[in-house]
Amino acid sequence: MIKTITFISDFRTFKNKETYTLQPGVNLLVGDQGSGKSSLISELRKLSEGNKSSHIKIDVVGPVKVFSMDFEKDTPRSASHIESMEQVLTKFASHGEVNNLMLRSMPAVGKNVIVILDEPDTALSIRSCIALVDQLKKAEQAGAQIICAVHNPVVIEAFDSVVSLEHKKIMSSKDFIKSQQKPRKKSK
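Because the structure is a prediction, the values reported are computed rather than measured.

Cut-offs applied
Residues numbered from 1 in each chain as written. Predicted model: local features only at pLDDT ≥ 70, side-chain atom pairs only at ≥ 80, totals over all residues. Heavy atoms only, no water. Pairing = 2+ DSSP bridges. Helix = DSSP H or I, 4+ residues; strand = E, 2+ residues; numbered from the N terminus. Phe/Tyr/Trp six-rings, centres within 6.5 Å; stacked < 30°, edge-to-face > 60°. Buried < 20%, exposed > 50% of the residue type's maximum accessible area, 1.4 Å probe, protein only. Axes fitted to C-alpha atoms, helices over the stretch in contact; angles between N-to-C directions. Contact = heavy atoms within 4.5 Å. pLDDT = per-residue confidence, 0-100. 1 Å grid on protein atoms, 1.4 Å probe; cavity = no way out; pocket = protein on both sides within 12 Å on 5 of 7 lines; lining within 4 Å. Points joined across faces, edges and corners; volume = space filled by probe spheres on them. Polar contact = N/O pair within 3.5 Å; in protein donor to acceptor, adjacent residues only side chain to side chain.

## Here's the deal with the pairing of strand β9 (residues 169-172)
Examined bridge by bridge, strand β8 (residues 161-164) and β9 share four bridges and lie antiparallel to one another. Looking at β9, one finds that Ser 161 is bridged to Ser 172. Between β8 and β9, which follow one another and run antiparallel, lie four residues, and Lys 168 among them has a positive phi close to 65°.

If you want it as structure tokens, here you go:
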């Protein structure tokens, strides 16, 4: 499992030596647009592709398998070629239906598996977000570590704590939701 992520250079919204400690189970990356969620997920996804990042150092404990999915980029809905009947059907499905299909196609997870998901809650209804929470909790109970960038309060409120990239710390999901109800400070 990933214990820590340390930035080894300034990268977008992150500073050199900025460190995040991850927990076993579900780690929700949260924050406003531009806080670095997708940037960090992109760097972590390099693990699943067998590449190294030039921006982060990862402290990994034990042998792991990595499964990752970007619900914007990996969707079969935008595939330039069609390989299966399933892809034909996704051309006519809503974005949320395709996301649900992608989540259902996620392989079985268990111990020593890291699941990296970029915004699986995009375009999901409340009912589908509740189903996503159930899937994340089942993966956690099976022993997987999940690192997931999310925006939807239904998903965020279902877990006790979040990794707020906006606040640069782990905080309670309730405190994070409260912080989002205040107007955003304008940068000078």
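## Side note on unusual backbone geometry
Unlike most non-glycine residues, Arg 12 shows phi in positive territory, near 50°. Along the chain, Arg 12 falls in the loop between β1 (2-7) and β2 (19-21). Phi angles above zero are rare outside glycine, and Lys 168 is one such case at about 65°. Its place among the elements puts Lys 168 in the loop between β8 and β9.

## Considering the packing of aromatic side chains
With the rule as written, the count across this model stands at two aromatic pairs. Between the aromatic rings of Phe 7 and Phe 14, the centroid separation amounts to 4.2 Å while the plane-to-plane angle is 10°, which identifies the pairing as stacked. Phe 14 carries the same exposure label as Phe 7, and that label is buried. On the basis of an interplanar angle of 90° and a centroid distance of 6.3 Å, the ring pair of Phe 14 and Tyr 20 is categorised as edge-to-face.

## Description of the sheet that holds β9
Backbone-to-backbone hydrogen bonds join strands into a sheet, with any given pair of strands oriented parallel or antiparallel. Strands sit in the order β5-β6-β7-β3-β8-β9 across an open sheet of six strands; the sheet is mixed. Sheet topology places β5 (65-70) and β9 at the edges, where each strand pairs with a single neighbour. Taking each pair of neighbouring strands and ignoring which way they run, the sheet shows an average axis angle of 25°. Pairing of strand β6 (residues 113-118) with strand β7 (residues 145-149) involves five bridges; the strand directions are parallel. Looking at the pairing, Val 115 lines up with Ile 146 of β7. Most of the contacts of helix α4 (residues 126-141) go to β7, to which it runs at about 150°, and overall it touches β3 (26-30), β6 and β7. Sitting on the sheet, helix α6 (residues 173-180) is in contact with β3, β8 and β9, with an inclination near 95° to β9.

## Quick look at the confidence of the model for the protein
Averaged over all residues, the pLDDT of the protein is 81; the fraction at 70 or higher stands at 77%. Counted against residues more than four places away or in other chains, residues 88-96, with its pLDDT under 50, gives 19 contacts.

## Describing the layout of surface pockets
To find leftover empty space, a probe the size of one water molecule is rolled over the atoms. For the largest pocket, the calculated volume is near 420 Å³. Lining the largest pocket are 15 residues, and of these Asp 32, Glu 166, His 167, Arg 184 and Lys 185 sit closest to its centre.

## Notes on the sheet that holds β1
Within the open sheet, the three strands sit side by side as β2-β1-β4. Their pairing is antiparallel. A single partner strand is all that each edge strand has here, and the edge strands are β2 and β4 (56-60). In this sheet, adjacent strand axes meet at a mean angle of 15° when their direction is disregarded. In terms of strand pairing, β1 meets β4 through five bridges, oriented antiparallel. Counted as the bridge partner of Ile 2 is Val 60 from β4.

## A word on the side chain of Asp 118
Locating Asp 118 in the fold gives a position in strand β6. The exposure class assigned to Asp 118 is buried, which follows from its relative accessible area of 5%. In terms of polar contacts, Asp 118 uses its side chain to reach the side chain of Ser 38, at 3.1 Å.

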